[in-house]
Amino acid sequence: MRPFIVIAEDETSVAELLRYNLEALDYKTASATDGEEALLLIEERVPDLVILDWMLPKVSGIEICRRLRSRPQTANIPIMMLTAKTEEADRIRGLETGADDYITKPFSIHELMARVKAVLRRIRPALVEKLITVGDISINRGTYQVTRNGEPIELGPTEFRLLDYFAQHPGRVFSREQLLDGVWGSDVFVEARTVDVHIGRLRKALMSKGGDNPIRTVRSAGYSLKSG
Ligand code: CA
């Protein structure tokens, strides 16, 4: 699952430079050229990171930052703020907007990419790491190999994506709808019951070499992967 990054920047050359370099690193991106569009994009699909220009038409970067931080669904999204000048950067830092990082324009694209990785690694380690371990389960996202207690586990592609999704947030309970959106995508029509079928297969596979059931069913709430 590729990390999803929203770029909110009205200077098209800057937006294009960001998009090109992020996609080269295998991140999925969506771009907005004004603040309203950015908020709509974020509402449509909660991103893993937002790169936000401070001076945006319609709704400013700072206002977007405040709105995202004030809603529980978006409060934890990492935000990297782009600003035009150093003095501006100092000023907005002082405003405590809740951004996770600030980059001054003009920036070096290599430095920006390094900071994107650093922010993601700090906030969502599972997104940038090739090897994820949750309890006795290891997931290699480069080779798509999964082991439990060192024993290889055979998984179908959907079960792999489900496990990978759970592993990004161990312990968190996901509803069927959230799993459908996160694993199948919100534009695909799949019945909620399908989730149960794949959870069943994933469970069976993970328990095939011994060990207890690592996926918890939370009555009327959904499923979660035990964190240890
Ligand atoms: Ca701007």
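Scoring rules and cut-offs
- Residues numbered from 1 in each chain as written.
- Predicted model: local features only at pLDDT ≥ 70, side-chain atom pairs only at ≥ 80, totals over all residues.
- Heavy atoms only, no water.
- Helix = DSSP H or I, 4+ residues; strand = E, 2+ residues; numbered from the N terminus.
- Rg over C-alpha atoms; globule rule 2.2 N^0.38 Å.
- Contact = heavy atoms within 4.5 Å.
- Areas by Shrake-Rupley, 256 points an atom, 1.4 Å probe, with all protein chains shown as cover.
- Lys, Arg positive; Asp, Glu negative; His and termini not counted.
- Charge placed at Lys NZ, Arg CZ, Asp CG, Glu CD.
- Buried < 20%, exposed > 50% of the residue type's maximum accessible area, 1.4 Å probe, protein only.
- Polar contact = N/O pair within 3.5 Å; in protein donor to acceptor, adjacent residues only side chain to side chain.
- Donors = N, O, S within 2.8 Å, 3.2 Å for Na, K, Ca; no water.
- Phe/Tyr/Trp six-rings, centres within 6.5 Å; stacked < 30°, edge-to-face > 60°.
- Lys NZ or Arg CZ within 6 Å of the ring centre and 35° of its normal.
- Core = buried A, V, L, I, M, F, W, Y, C linked by side-chain atoms within 4.5 Å.
- Pairing = 2+ DSSP bridges.
- Domains from an automatic or database assignment.

### Structural notes on the overall build of the protein
What the protein contains, in helices and strands, is nine helices and 11 strands. On C-alpha atoms alone, the protein measures out to a radius of gyration of 19 Å, which is about the 17 Å that the 2.2 N^0.38 rule sets for 228 residues. The principal-axis extent of the C-alpha atoms belonging to the protein is close to 60 × 35 × 30 Å. Put simply, 55% of the contacts in the protein that link residues at least 6 apart link residues at least 24 apart. In the form shown here, the protein has an accessible surface area of approximately 11900 Å², with 50% of it arising from carbon and sulfur atoms. Where the 32 positive side-chain charges of the protein centre and where its 33 negative ones centre are 6 Å apart.

### A closer look at the side chain of R141
Mapped onto the fold, R141 is located in the loop between β7 (137–140) and β8 (145–148). For R141, a relative accessible area of 13% gives the class buried. Here the side chain of R141 touches D164 through a polar contact of 2.9 Å, side chain to side chain.

### Describing the coordination of the calcium ion
The coordination sphere of the calcium ion contains the protein donors D10 (OD), D53 (OD) and M55 (O), at a distance range of 2.0 to 2.3 Å. Summarised as a motif, the one-chain spacing of the donors to the calcium ion is D-x42-D-x1-M. A residue pair is termed long-range when its members are at least 10 positions apart, and D10 in the loop between β1 (4–8) and α1 (12–24) and D53 in strand β3 (residues 49–53) qualify at 43 residues. Overall, the relative accessible area of 32% leaves D10 in the partly exposed class. Looking at D53, the relative accessible area reads 4%, which means it is buried.

### What to know about the packing of aromatic side chains
In the structure shown here, the tally under the stated rule is three aromatic pairs. Here Y165 and F174 contribute two aromatic rings whose centre-to-centre distance is 5.0 Å and whose plane-to-plane angle is 45°, an arrangement assigned as tilted. In this structure, Y165 and F174 share a single accessibility class: buried. Through successive ring pairs, a cluster of aromatic residues spans Y165, F166 and F174. It is R45 that lies over the ring of F4; its NZ or CZ is 4.3 Å from the centre.

### Some points on the nonpolar core
Counting residues in hydrophobic clusters, the biggest one holds 26 residues, and the most contacted among them are F166 and L179. Broken down by element, this core gets its largest block of residues, six residues, from helix α7 (residues 157–168). Discounting chain neighbours no more than four positions away, the residues touching F166 are F174, L179, I199, L202, Y223, S224 and L225. One finds A32, L39, V50 and L68 within the second-largest nonpolar core, a separate group that totals 24 residues.

### Describing the pairing of strand β6 (residues 131–134)
Covered by surrounding structure in β6 are I132 and V134 only, the residues L131 and T133 on the alternate face being uncovered. Alignment of β6 against β7, held across four bridges, turns out to be antiparallel. Looking at β7, one finds that L131 is bridged to N140. Between β6 and the antiparallel strand that follows it, β7, lie two residues; G135 among them carries a positive phi value of about 60°.

### Some remarks on the environment of D181
Summarising the element assignment, D181 is placed in helix α8 (residues 176–184). Taking the relative accessible area as the measure of exposure, D181 reaches 47% and is therefore partly exposed. The spatial distance from the C-alpha of D181 to the C-alpha of R45 is 8.6 Å, given a sequence separation of 136 residues.

### Focus on the domain arrangement of the protein
Assigned domains within the protein: domain 1 (4–127) and domain 2 (131–225). Between the C-alpha centres of domain 1 and domain 2 there is a distance of 30 Å.

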